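# Fold and contact review
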Amino acid sequence: ILAIVEMCKLNIRDFLESIQSFFNRDLKNIFKVMVVDALRSQGVNFEFNLTNNGVINKINPVTSENILESKTYLEIRSILEDKIGKQNPNLLSLATENLMLYLSDIYPSKLESNEYNYIAYCIHVYSMEMYGEEVNREELALIYKIDTQKDNKIFNQLQTACSI
């Protein structure tokens, strides 16, 4: 992480070849997203191949969206704020952090808006479990108005994303 922070202070264009090599490595995607953010902040208009979970994606930092400014992040965060916010600000903070880690882990994949409640539900449950709180999944599923049949995939992704 410190290397990425230091790299942001330099002319990052001198490292494009090394960055491409970095994007091809099997690393946590959050680190790759941090480099994309650094590239975007320096206005680097260059197409890279970014490998995530064995899938090669073409990305251009200038045209890529900052996760924390994306519609997906803002919408899911709003759902979490509505369901958790005033009751438990600490849980909301953890859930928001887990949302960012999850979206970084699946980057540059996009989510459909019909998945937002489901993702928010999974993040809510996962965050409660991280705090050691008792979770009634059926009750929360009713609050989020979702079907819990497919939640294992998302929970597995959350576990991977949040284990830095």
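These lines cover the structure that appears in this document, whether it is placed above or below. (Residues numbered from 1 in each chain as written. Predicted model: local features only at pLDDT ≥ 70, side-chain atom pairs only at ≥ 80, totals over all residues. Heavy atoms only, no water.)

## Quick look at the nonpolar core
Membership of the largest hydrophobic core comes to 50 residues, with the highest contact counts inside it found for Phe-23, Leu-39, Leu-80, Tyr-121, Tyr-144 and Leu-158. If one sorts the elements of this core by residue count, helix α6 (residues 116–130) sits on top with 10 residues. If we ignore the near neighbours within four places in the chain, the residues touching Phe-23 are Lys-32, Val-35, Val-36, Leu-39, Phe-48, Asn-49, Leu-50, Thr-51 and Ile-59. (Core = buried A, V, L, I, M, F, W, Y, C linked by side-chain atoms within 4.5 Å. Buried < 20%, exposed > 50% of the residue type's maximum accessible area, 1.4 Å probe, protein only. Helix = DSSP H or I, 4+ residues; strand = E, 2+ residues; numbered from the N terminus. Contact = heavy atoms within 4.5 Å.)

## Here we look at the pattern of salt bridges
All chains considered together, the criterion is met by 5 salt bridges. Between Arg-77 and Glu-81 there is a salt bridge, and its shortest N-O distance comes to 3.4 Å. Taken as a pair, Arg-77 and Glu-81 lie in helix α4 (residues 71–83) at a separation of 4 residues, close to a single helical turn. Overall, the relative accessible area of 37% leaves Glu-81 in the partly exposed class. Close ionic contact of Arg-137 with Glu-129 constitutes a salt bridge, the shortest N to O distance being 2.9 Å. The exposure class assigned to Arg-137 is partly exposed, which follows from its relative accessible area of 26%. According to the relative accessible area criterion, Glu-129 is partly exposed, its value standing at 38%. (Salt bridge = Lys/Arg side-chain N within 4 Å of Asp/Glu carboxyl O.)

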